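Examination of the molecular architecture
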Amino acid sequence: MTDADPAPSEDASDAPAATPTRHGAYLGPVRGDGVEVLHVGADGLVDLVTALRDEGYGMLLDVTAVDYLTYAAPRALPPEVDAQRFEVVVHLLSLEHRTRIRIKVQVDPAAAVVPSLFDLFPGAENMEREVFDMFGIGFDGHPDMTRILMPEDWVGHPLRKDYAIGRIPVQFKAGAEQ
């Protein structure tokens, strides 16, 4: 060791460093697309989106969901975040800063409800209805939590991994006698 090298710290521990946060949400690893990823619990979603909107992220691009039921590979989550079957993903855009942010919320399948972003971004209405219709995840405080793509009497949620495939036979005209 030379005089320029710092001496090892006496109080350094082997414990991993705490995951950095932004507005109370855990920062996830930035992927190749350069989009910052924030992980927040359902109870902190509205506060986080409010803070980010006030910070300049004034455009809601998308609200969607993922079902990880059959996903076997390890997921890139901060150690403080418990993986759940469902994940709601919110994308925000700042035209001022020319940056995007991705917010991920782990959703307990037993409850399958997160707060609605409709009061902050009225354009979230149809996106939240689509997530409800396709995955069965409800949005608390949504003004019209009804199906948007499937018929009202449809049973089940087609984008869930445990949804039975092939319920409706499809008949093709190609090759049929005319």
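Residues numbered from 1 in each chain as written. Predicted model: local features only at pLDDT ≥ 70, side-chain atom pairs only at ≥ 80, totals over all residues. Heavy atoms only, no water.

Turning to the overall build of the protein chain, a few remarks are in order. Per the secondary structure count, the protein chain includes two helices and eight strands. Each helix and strand of the protein chain, ordered N terminal to C terminal, gives the series β-β-β-α-β-β-β-β-α-β. Contacts in the protein chain between residues at least 24 apart in sequence constitute 56% of all its contacts with a sequence separation of at least 6. Only carbon and sulfur atoms are counted for the fraction: they give 52% of the accessible area of the protein chain, which is about 11200 Å². (Helix = DSSP H or I, 4+ residues; strand = E, 2+ residues; numbered from the N terminus. Contact = heavy atoms within 4.5 Å. Areas by Shrake-Rupley, 256 points an atom, 1.4 Å probe, with all protein chains shown as cover.)

Another point: the environment of Gly28. With respect to the helices, strands and loops of the structure, Gly28 is situated in the loop between β2 (25–27) and β3 (36–39). What Gly28 contacts, discounting residues up to four positions off in sequence, is Val37, His39 and Pro78.

Glancing now at helix α1 (residues 45–54). For α1, the complete set of buried residues consists of Leu45, Leu48, Val49 and Leu52. For α1, the angular spread of buried residues about the axis comes to 95 degrees, placing them on one side. Within α1, the exposed residues directed more than 90 degrees away from the buried face are Asp47 and Asp54. On its buried face, α1 sits against β1 (21–22), β2, β3, β5 (86–94), β6 (99–107) and β7 (113–115). Gly56 occupies a position one or two residues after α1 and carries a positive phi of about 120 degrees. (Buried < 20%, exposed > 50% of the residue type's maximum accessible area, 1.4 Å probe, protein only. Arc of directions from axis to C-beta.)

Okay, the confidence of the model for the protein chain next. In the predicted model, the protein chain carries a mean pLDDT of 89, and 84% of its residues have values of at least 70. In this model residues 5–10 is a low-confidence stretch, pLDDT under 50, and it forms three contacts with partners more than four residues away in sequence or in other chains. (pLDDT = per-residue confidence, 0-100.)

An order of β1-β2-β3-β6-β5-β4 is seen for the six strands of this open sheet, with the pairing classed as mixed. Edge positions in the open sheet fall to β1 and β4 (59–67), since each of these has one partner strand only. α1 rests against β1, β2, β3, β5 and β6 of the sheet, and its axis sits at about 175 degrees to β6. The strands that helix α2 (residues 124–135) touches are β4 and β5; relative to β4, the one it contacts most, it runs at about 5 degrees. (Pairing = 2+ DSSP bridges. Axes fitted to C-alpha atoms, helices over the stretch in contact; angles between N-to-C directions.)

Looking now at the pattern of salt bridges. Where charged atoms from two side chains of opposite charge come close, those side chains can pair. Taken as a whole, this structure holds ten salt bridges when the rule is applied. The salt bridge partner of Asp33 is Arg102, with a shortest N-O separation of 2.9 Å. Of this pair, Asp33 sits in the loop between β2 and β3 while Arg102 sits in strand β6, and the two are 69 residues apart along the sequence. Judged by its relative accessible area of 46%, Asp33 is partly exposed. Across the pair Arg53 and Asp54 runs a salt bridge whose closest N-O atoms are separated by 3.5 Å. Its relative accessible area of 31% is what places Arg53 among the partly exposed residues. For Asp54, a relative accessible area of 57% translates into the label exposed. Several salt bridges converge on common partners, so that one network encompasses Arg22, Glu36 and Glu55. (Salt bridge = Lys/Arg side-chain N within 4 Å of Asp/Glu carboxyl O.)

Core analysis: the largest hydrophobic core is formed by 30 residues, its most contacted members being Val88, Leu92 and Ile103. Where this core is concerned, the elements lending two or more residues are α1, β4, β5, β6 and α2. It is α2 that provides the largest number of residues to this core, a total of five residues. (Core = buried A, V, L, I, M, F, W, Y, C linked by side-chain atoms within 4.5 Å.)

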